[in-house]
Amino acid sequence: MGKTKPNRTAVAIAAVVLAALAGCAEAPATTTPSSGSPTPTAACPTTGTEPQQANCSAYDGDAAMAQNEMYRQRRKLTPEMLTQLNQHVEPARKALAAVPRPVTGDDVEAPLTSIDMMDIRTDDGGKGVRFGGAVRNGGCIYGFVPNDGEPELATGGPIMDGGCLEMIGH
């Protein structure tokens, strides 16, 4: 009798089964000495008046809230940029003072565009319009045009989120 060769398919199936079974073996158990303190499972603000819980990782809640408001901060401008920016305030004030009342966002945007401001954003809160826009040489003019009264203007750098108008409640 002659020798028979094993079927290639049978050999491949056997190799797959053996590989799968090898992956099912249990890993050896490792023991770590107990440190005596539990691993933190939560972040808890420090209050200063209550003891810290054992399962907490402490953090300063007031500092975290302050960092959460960083997007509202304005970038700093150089003195030269501020000088150039301030040259645009009076033309903007005059243009906004001429806007008919009650004022709308479009009423505010049009005169600011006419004095070469860019990226103008408005927010009509019902009692007037908040606005912010950029000037070409850098910086922002922002403020409020009330339905009754004179426009309020301020200058500064763009906010950290970008743009010149800080959104309320954002």
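Treat the numbers as computed from the prediction; the structure is a model and nothing was measured. (Residues numbered from 1 in each chain as written. Predicted model: local features only at pLDDT ≥ 70, side-chain atom pairs only at ≥ 80, totals over all residues. Heavy atoms only, no water.)

Moving on, we get to the packing of helix H4 (residues 89-97) against helix H5 (residues 105-114). Where H4 meets H5, the closest approach of the two axes is 9 Å, and the angle between their N-to-C directions is 140°. In terms of orientation, H4 and H5 fall into the oblique class. For the crossing formed where H4 meets H5, the hand is right-handed. When H4 is examined against H5, the residues Ala92, Ala95 and Leu96 are found in contact with a partner set consisting of Val108, Pro111 and Leu112. Residues of the contact of H4 with H5, tallied by class, amount to six nonpolar, no polar and no charged. (Axes fitted to C-alpha atoms, helices over the stretch in contact; angles between N-to-C directions. Helix = DSSP H or I, 4+ residues; strand = E, 2+ residues; numbered from the N terminus. Parallel < 35°, antiparallel > 145°, perpendicular 65-115°, else oblique. Left-handed = near helix turned anticlockwise from the far one by under 90°. Contact = heavy atoms within 4.5 Å. Nonpolar A, V, L, I, M, F, W, Y, C, P; charged D, E, K, R; others polar.)

Our next topic: the packing of aromatic side chains. Two aromatic rings are characterised by how far apart their centres lie and by the angle between their planes. This model, assessed by the stated rule, comprises zero aromatic pairs. The cationic tip of arginine 74 hangs over the ring face of tyrosine 142; the distance from NZ or CZ to the ring centre is 3.5 Å. (Phe/Tyr/Trp six-rings, centres within 6.5 Å; stacked < 30°, edge-to-face > 60°. Lys NZ or Arg CZ within 6 Å of the ring centre and 35° of its normal.)

Looking now at H4. Among all positions of H4, only Val89, Ala92, Ala95 and Leu96 are buried. Projected down its long axis, H4 shows its buried positions confined to an angular sector of 130°, all on one face. On its buried face, H4 sits against helix H3 (79-86), H5, strand E4 (128-134), strand E5 (140-146) and strand E6 (152-156). (Buried < 20%, exposed > 50% of the residue type's maximum accessible area, 1.4 Å probe, protein only. Arc of directions from axis to C-beta.)

Now for the pattern of salt bridges. With the rule as written, the count across this model stands at three salt bridges. Across the salt bridge formed by arginine 130 and aspartate 123, the nearest N and O atoms sit 2.9 Å from each other. Taking relative accessible area as the criterion, aspartate 123 reaches 25% and is therefore assigned partly exposed. (Salt bridge = Lys/Arg side-chain N within 4 Å of Asp/Glu carboxyl O.)

Attention shifts here to unusual backbone geometry. Put simply, arginine 101 and proline 102 share a cis peptide bond, and its omega is -5°. Among the secondary structure elements, proline 102 is positioned in the loop between H4 and H5. Despite not being glycine, aspartate 116 has its phi angle at roughly 75°, a positive value. Relative to the helices and strands, aspartate 116 is located in the loop between H5 and strand E3 (118-124). Even without a glycine there, the phi angle at aspartate 119 is positive, about 50°. Within the fold, aspartate 119 resides in strand E3.

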